[in-house]
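So you can see what is in the structure, the chains are spelled out below.
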Amino acid sequence: MSETREVAVVGGGLTKFGVRPLTWAELAQEAGEVLFRAVPALEASAVDSLFVGAAEPERFAFQSHVAPLVAEEMGLAPSRIVQRNELACASGQSAIRSAYAAIRAGLSDVAVAVGVEKMNIPSMAEANSAMACVLDRPWDAAHGLTAPPFFAMVAQRHMLEHGTTEEELAAVSEKNHRFANANPIAQFYEKKFDREKLLRLPLVAPPLRLGDCSAMTDGAGAVVLAAEDRVRDYTDTPAWIRGTGQYADFHNLANMESLTDWTGLTRASREAFRTAGIGPSDLDFAELHDCFTISELIEYEAIGLCPKGDGGSFVADGRSDLGGDLVVNPRGGLLGCGHPLGATGIAQAVEVSQQFAHQVESSRQVPDPEWAMVHNLSGSANVHSVMIYQRGS
Amino acid sequence: MSALAEVAERKASKPRKRRGAVTATTPATPPPPSGPPERLPYLLDLYPLESPTQTRLSPFFEALHQGRFTTTRCRKDGKLLWPPRVVCPVCHTAELEWVDLPSTGRVYAFSALLAGAPIGQETDLPRVVGLVELDGSPLRLFGRLLGIDWRECRIGLPVRVEPLTLADGRAYYAFRVTQ
């Protein structure tokens, strides 16, 4: 059996996230612009494989077969593997995982993982239909299930079972918006949200208010992954992928065992920690999937940062902030940066790479980080995808 | 009439377009500015297809039309399956039977969509929805909650299954709060 190779993210770039006056294909072109600017040593001819994270181009842009489209828009001609990765909200991480697996297995040496999503279209009812179809369309979504009422029910049960409060939910949003406030690519860059303002925003799905929900966002990004013998061609501060874990345990809501105890994430993160050979206390920061405020609270618990039920006080006491036990979402999270489904996982990896290289704004720079976790959930938290990175020196 | 016969009849009644026929070149008249807003294309339908030509689960919808709420149970391992299936995901056999489900239950969790609805639901807000624990059953099903304002709704309220018929004749169900 041949030896597996180590793999690192060696750099990447992001477009501006927000409500953008441009098409899906134009976003893909911008991904090329930012990638080649961020990784100056990258030559298109060196990229042997391309993985495109895109959740719903069929409905948002009425376009299928987007991997060759992205290759053309970015001027790439992959000779080994070219594919699209669809895993709803985790499509970007899915692209990175496939690139990682391909390089690790020796099938690729230099791969690009791209994420593109264009969600703001003339009919937002159409966009909401696309989002609803991430869930069990005929048996759940047709009855009115979309993401906000789902996560609202999760929040309601967490409040009932553990005494979590609206103020604690708002504390997640306040923290992540504060980081996004300093992140120029963020949808809510320079937009200020304090807890009082967040608690006055309109309800979307009670008990969740507008500030508890990540936005519909247009955005794209790309990262380069390289095999260990090619890493130094591109960077002095590689982000080595040391551990991964993923778990899928149901689809229809009837088959979700507990709304508030995300055992799938516990399993996925344990597997990621096991393969990385570290534990939660070794992490220096984490990019957790805060599609809704309640998600981040439950993620603290499922990963083991705090006991079950204590997620609310964990954030309210500042333990997930800079200077706390473990800073979570110094990028600004999905709440502050926006959530262009396919691009979110790419944006988290770019954040890890830039944090390791001390390239982010000083107000959100984690002091000398070595270990980082990235997590995405997708759908109704029925899939959890976790990766652990270590800074190379 | 068989499905094939139906297709044949539709084909026969459809006016044939001559190959190579030249269509008129006059530009289309723009809609009058005071007219109703143009509808965007309806790409997909959230509701399931129900006829025997489309799904092997058509007995579910036929039963619902008759007022019965059913699902499939595996004859081999006894597992009650939701949604109804054609193959048991536990033992991977097709030895399933249709069984009646309880028609009453209680609200386990609920919310209401106040904004951001998908196509077909956008003029129907707020939409109260919830998870319902069916009485005497291991199933906890998602559905719309009828007969209650979201501000009045409470966990534990009793509900009953309400079979409904959509405007196009398809069967549908919701839960009606009975207190």
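Refer to the structure printed above.
Residues numbered from 1 in each chain as written. Chains lettered and ligands numbered in written order. Predicted model: local features only at pLDDT ≥ 70, side-chain atom pairs only at ≥ 80, totals over all residues. Heavy atoms only, no water.

Asker: Explain the packing of aromatic side chains here, please?
Answerer: Working definition: an aromatic ring pair is given by the centre-to-centre distance plus the angle between the planes. Scanning all chains against the criterion turns up 19 aromatic pairs over all chains. When the ring of A:W139 is compared with that of B:W82, the centres are 5.5 Å apart and the planes differ by 80 degrees; the resulting orientation is edge-to-face. Here A:W139, found in the loop between α5 (124–132) and α6 (147–162), pairs with B:W82, found in the loop between β2 (80–81) and β3 (96–100), and the two come from separate chains. Note on B:W82 and B:Y173: the rings are 6.3 Å apart at their centroids and 80 degrees apart in plane angle, and the pair reads as edge-to-face. Here B:W82, found in the loop between β2 and β3, pairs with B:Y173, found in strand β8 (residues 171–177); they are 91 residues apart in sequence, far enough to count as distant. A relative accessible area of 2% places B:Y173 in the buried class. Here the aromatic residues A:W139, B:Y47, B:F60, B:F61, B:F69, B:W82, B:Y172, B:Y173 and B:F175 are joined through ring pairs into a cluster of three or more. The ring of B:Y108 has A:R157 sitting right over it, with the charged end atom 3.7 Å from the ring centre. (Phe/Tyr/Trp six-rings, centres within 6.5 Å; stacked < 30°, edge-to-face > 60°. Helix = DSSP H or I, 4+ residues; strand = E, 2+ residues; numbered from the N terminus. Buried < 20%, exposed > 50% of the residue type's maximum accessible area, 1.4 Å probe, protein only. Lys NZ or Arg CZ within 6 Å of the ring centre and 35° of its normal.)

Asker: Where do I start with unusual backbone geometry in this structure?
Answerer: Peptide bonds are mostly trans, and most non-glycine residues show a negative phi. In this chain, B:W82 is followed by B:P83 through a cis amide linkage whose omega measures -5 degrees. Assignment of secondary structure puts B:P83 in the loop between β2 and β3. In this structure, B:P126 follows B:L125 across a cis peptide bond, with omega equal to -5 degrees. Relative to the helices and strands, B:P126 resides in the loop between β4 (104–113) and β5 (127–134). The backbone of A:F62 shows a phi angle near 55 degrees, a positive value even though the residue is not glycine. Judged by relative accessible area, A:F62 falls into the exposed class, the value being 66%. Backbone geometry at A:N329 places phi at a positive 65 degrees, although glycine is not the residue there. Mapped onto the fold, A:N329 is located in the loop between β10 (327–328) and α12 (333–337).

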